[in-house]
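# Fold and geometry: a report
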Amino acid sequence: MAAKIIDGKLFAEGLRGRIAGHVARLKSEHGITPGLAVVIVGHDPGSQVYVAQKAKQTVEVGMHSEKYELPETVSEAEVLALVEKLNADPAIHGILVQLPVPKHIDSLKIIQTISPDKDVDCFTPASVGKLVIGLPGPVSCTPLGCLMLLRDQLGSLSGLDAVIIGRSNLVGKPMAQLLLADSCTVTMAHSRTKNLAEVVRRADIVVAAVGRPKMIQGDWIKPGATVIDVGINRIDAPERGEGKTRLVGDVDYAAAAEVAGAITPVPGGVGPMTIACLLANTITTASLINGLVPPSDLTA
Ligand code: NDP
């Protein structure tokens, strides 16, 4: 394999170390303990595991953590009331409502009720607007994690050709904004893009966020390009035994790694960065809420 493997797990560990340092400083110098509240509705096993990880890592870096587990049958009004209560709580600087929520609850309504000052997922229209015009505030967690890995790998991204495959509000669109702000020439590809292989072939940076296992082929990759695979797909793995599964990304990793300059694995690439960036965003919002300048080493 020619490509350097970008170790997101290791990078996230280092980032959490820096975050813990900032938490300690906020406490000792300003008397502020950053607080993150996570709200989960229902019993989706995947979401439960993810939320438990978030709560554990929040405590590990020294932050205040609150977890609200609401039953599947909770009404929309009750969720909205909880969000309003957390908006007003001075011990809480970040609010995250784990999606998806049950169908009888309007997720957009919930998101729009979160105070933009505490919107650590960068979902509210106000946060998205700040991101687009470059004002300080939380930055979408997964794209922020991808940006950190890219800057660490490549240094300046200025002038590089970046292709993002996928245009979701969660990943693709904010990723494009961040790469544009770093002076990349950005192309966004999606399900209607023609000649996708050709589009990908001209990219110095490829960010794949599609949700289709191994869709991006090795021979689509420009030699030496940096490949960031956001996709998380569970596929059958009969080689591991009957009924076993494993996780793969959106990129055909083995083939792409023969050609790329550097590539993120799945798992162990972008995934670990997402939670670390959630914690970084909580430092940012805790700083801004208290009139302090957020630390700059949590985005670079
Ligand atoms: P969405 O389903 O919201 O978006 C998928 C995007 O891929 C859409 O823009 C869609 O295009 C595009 N697409 C679908 N099929 C094709 C195709 N054949 N060719 C080109 N583009 C295509 O997904 P998300 O952005 O939420 O997530 C993407 C992946 O990233 C998933 O695997 C998800 O699990 C993973 N993920 C990982 C995270 C992490 O922490 N590592 C965090 C968040 C997501 P169109 O708009 O035209 O339909």
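### A few points about the side chain of T284
You can see T284 is positioned in helix α10 (residues 271-289). Contact partners of T284, with chain neighbours within four places excluded, come to G137, P138 and P294.

### Structural notes on α10
Taking 1.5 Å per residue as the helical rise, α10 with its 19 residues ought to reach 27 Å, and the 28 Å between its terminal C-alpha atoms agrees with that figure. Summarising burial for α10: 15 of the 19 residues are buried, a large majority.

### Quick notes on a nonpolar patch on the surface
Taken together, V128, V132, I133 and L135 make up a surface patch of nonpolar side chains, about 360 Å² in accessible area. Examined against the element boundaries, V132 turns out to sit in helix α5 (residues 125-133).

### With respect to the site of the ligand
Around the ligand, the structure places 22 residues, and the nearest of them are R167, S168, S191, R212 and T274. A distance of 3.0 Å is found between a nitrogen atom of the ligand and a side-chain nitrogen or oxygen belonging to R212. Isolated, the ligand exposes 930 Å² of accessible area, and the fraction of that covered by the protein chains is 71%. Of the residues contributing to the shell around the ligand, the split by class is ten nonpolar, ten polar and two charged.

### Observations concerning the domain arrangement of the chain
Many descriptions give the size of an interface as the accessible area lost when the pieces come together. Each assigned domain of the chain is listed here: domain 1 (31-121) and domain 2 (141-272). Using only C-alpha atoms to locate each centre, domain 1 and domain 2 end up separated by 29 Å.

About the cut-offs
- Residues numbered from 1 in each chain as written.
- Predicted model: local features only at pLDDT ≥ 70, side-chain atom pairs only at ≥ 80, totals over all residues.
- Heavy atoms only, no water.
- Helix = DSSP H or I, 4+ residues; strand = E, 2+ residues; numbered from the N terminus.
- Contact = heavy atoms within 4.5 Å.
- Expected span 1.5 Å × (residues − 1).
- Buried < 20%, exposed > 50% of the residue type's maximum accessible area, 1.4 Å probe, protein only.
- Patch = residues over 30% accessible without salt bridge, like charges linked within 9 Å, V, L, I, M, F, W, Y side chains within 5 Å.
- Areas by Shrake-Rupley, 256 points an atom, 1.4 Å probe, with all protein chains shown as cover.
- Salt bridge = Lys/Arg side-chain N within 4 Å of Asp/Glu carboxyl O.
- Near = heavy atom within 4 Å.
- Polar contact = N/O pair within 3.5 Å; in protein donor to acceptor, adjacent residues only side chain to side chain.
- Nonpolar A, V, L, I, M, F, W, Y, C, P; charged D, E, K, R; others polar.
- Domains from an automatic or database assignment.

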